[in-house]
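A closer look at the structure
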Amino acid sequence: MRRPMIAGNWKMNKTPAETVALIQELKKIQPKGNVEVVVCPMTVSLFAAGAQLKGTEIKLGAQNVHFEDKGAFTGEANCASLKELGVEYVILGHSERRQYFGETDETVNKKVLKVLANGLKPIICVGESLEQKQTGITNEVVCLQTKAALCGVSNAQITDVVIAYEPVWAIGTGMTATASDANRTIAAIRRAVREMFGDAAEQVRILYGGSMNDKNANELMSQPEIDGGLIGGASLVAEKFEKVVNYHG
Ligand code: 13P
C-alpha cells in the first residue's frame, strides 16, 4: 500500500518568523491514519523551519534546488545545504518554475538525478496547460514530462520518487480537475512509470495538486490512483491544512 502524503507548497509566502509561527500551529495537528505530512517553505525559511520541525513527524521539503554540487551559480542552493537543514523532499519542475524561471524537462531531469544521488526525494510536478487540455493531449503531455524527468533513474531509486499531477489551469484558480479526471490522468502517469520501471510503479506515490483544499480533499483522496495532495493556498492557513491532512473527516 502506498502511504498517503499531504504536502504544503508555501511558494513565496511566509518569512522565517512567519514560518516559525505557522509551524507552531501545524505541530498541533494530529494526523489520522498513516498520512505523511510535508511542508515546503521558501529557501530562506528552511533553516528556521528545520529547527522547528526537529523531533516531529512533519517532514521538510524545499521548492527547488540546483543540479550542480557547488560553484559559480549565483543565487542558487545545492543539495548538500538542503540536507544539512533537515530537508527530505524537493519539489522539482513546478509549473511556475517552468513558466517563469526557464525550467525545462532537461533541467528537471538533471535535478531529479542530483536529488536522488544525494539521498533526497524529489516531488516531480507535471501538468498540462488549458490549451493542451482543450486540444485533448493531456495524457501525452504529462506522460512525456514524467518519462523525461525519470530518464536515468535506477530501479533502486524509483520508489523514492513522488510525482505530483498539477494541471496548470487548476493552480491558484479555484478550478479543480474533477476527481475522476484527476484519477484517470494519474492512472496514465502510472502506466508511463510502469513502462520504464515495471511493477515498481505500484509503489510510486502520485499526488494531485491544483486548488485542492479542505472542501474537496476527501473526494479527491477517495480515488484509488490519487495518493495525496500538493497544496498551495490552503496550506498557508493552519485550520484549512489540518482539514486537508485529516481528509477522512
Ligand atoms: P493551489 O493549491 O494554490 O492551487 O496551488 C497548487 C500548487 O501549485 C501546489 O504546488
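Our subject is the structure that appears above.
To keep things clear, this report deals only with the structure shown in the data block. (Residues numbered from 1 in each chain as written. Predicted model: local features only at pLDDT ≥ 70, side-chain atom pairs only at ≥ 80, totals over all residues. Heavy atoms only, no water.)

Non-glycine residue lysine 14 carries a positive phi angle of around 75°. If you trace the backbone, lysine 14 turns up in the loop between β1 (5-9) and α1 (16-26). Phi is positive for serine 211, close to 55°, though the residue is something other than glycine. Structurally, the position occupied by serine 211 is in the loop between β7 (205-209) and α9 (217-221). (Helix = DSSP H or I, 4+ residues; strand = E, 2+ residues; numbered from the N terminus.)

What follows covers the site of the ligand. Near the ligand, the surroundings consist of Asn9, Lys11, His94, Glu166, Ala170, Ile171, Gly172, Gly210, Ser211, Leu230, Gly232 and Gly233. Lysine 11 places a side-chain nitrogen or oxygen 2.8 Å from an oxygen atom of the ligand. Within the backbone of glycine 232, one N or O atom sits 2.9 Å away from an oxygen atom of the ligand. Protein contact buries 94% of the 300 Å² of open area that the ligand shows by itself. Looking at the shell around the ligand residue by residue, the classes come out as three nonpolar, seven polar and two charged. (Near = heavy atom within 4 Å. Polar contact = N/O pair within 3.5 Å; in protein donor to acceptor, adjacent residues only side chain to side chain. Areas by Shrake-Rupley, 256 points an atom, 1.4 Å probe, with all protein chains shown as cover. Nonpolar A, V, L, I, M, F, W, Y, C, P; charged D, E, K, R; others polar.)

Below, the discussion takes up the side chain of asparagine 216. Following the sequence through the fold, asparagine 216 ends up in the loop between β7 and α9. Separated by 2.7 Å, the side chain of asparagine 216 and the backbone nitrogen of asparagine 213 make a polar contact.

Another point: the packing of helix α5 (residues 105-117) against helix α7 (residues 138-149). Helix-helix packing is described using two parameters, namely the angle between the two axes and the distance between the axes. Where α5 contacts α7, the two axes come as close as 8 Å, and the packing angle between them is 45°. With respect to α7, the axis of α5 lies oblique. Contacts from Asp105, Val108, Asn109 and Val112 in α5 reach Gln145, Ala148 and Ala149 in α7. Grouping the constituent residues of the contact of α5 with α7 by class yields four nonpolar, two polar and one charged. (Axes fitted to C-alpha atoms, helices over the stretch in contact; angles between N-to-C directions. Parallel < 35°, antiparallel > 145°, perpendicular 65-115°, else oblique. Contact = heavy atoms within 4.5 Å.)

Our next topic: the pairing of strand β4 (residues 87-92). Where burial is concerned, most of β4 is hidden: five out of the six residues are buried. As for the winding sense of the linkage, the β-α-β connection from strand β3 (residues 59-62) through helix α3 (residues 79-84) to β4 is right-handed. Pairing of β4 with strand β5 (residues 121-126) involves four bridges; the strand directions are parallel. Its bridge partner lying in β5, isoleucine 91 is registered against isoleucine 123. (Buried < 20%, exposed > 50% of the residue type's maximum accessible area, 1.4 Å probe, protein only. Right-handed = clockwise from strand over helix to strand, strands pointing away. Pairing = 2+ DSSP bridges.)

On to α5. Between its terminal C-alpha atoms α5 stretches 18 Å, which fits the 18 Å expected from 13 residues at 1.5 Å a residue. Three or more residues of α5 are buried, namely Thr107, Val108, Asn109, Lys111, Val112, Lys114, Val115 and Leu116. The elements touched by buried residues of α5 are α3, β4, α4 (95-100), β5 and α7. Phi for glycine 119, located one or two positions after α5, is positive at around 75°. (Expected span 1.5 Å × (residues − 1).)

Of all the residues in helix α10 (residues 238-245), the buried ones are Ala238, Phe241, Val244 and Val245. Summarising the axial view, the buried residues of α10 lie within an arc of 120°, below the 170-degree limit, and thus occupy one face. Buried residues along α10 sit in contact with β1, α1, β2 (36-40), α9 and β8 (228-231). (Arc of directions from axis to C-beta.)

A few words on the packing of aromatic side chains. Evaluated as defined, the whole model comprises two aromatic pairs. Here the aromatic rings of tyrosine 165 and tyrosine 208 are separated by 6.2 Å at their centres, their planes lie at 65°, and the arrangement is edge-to-face. Here tyrosine 165 is found in strand β6 (residues 162-165), whereas its partner tyrosine 208 is found in strand β7, with 43 residues between them in sequence. A relative accessible area of 2% places tyrosine 165 in the buried class. (Phe/Tyr/Trp six-rings, centres within 6.5 Å; stacked < 30°, edge-to-face > 60°.)

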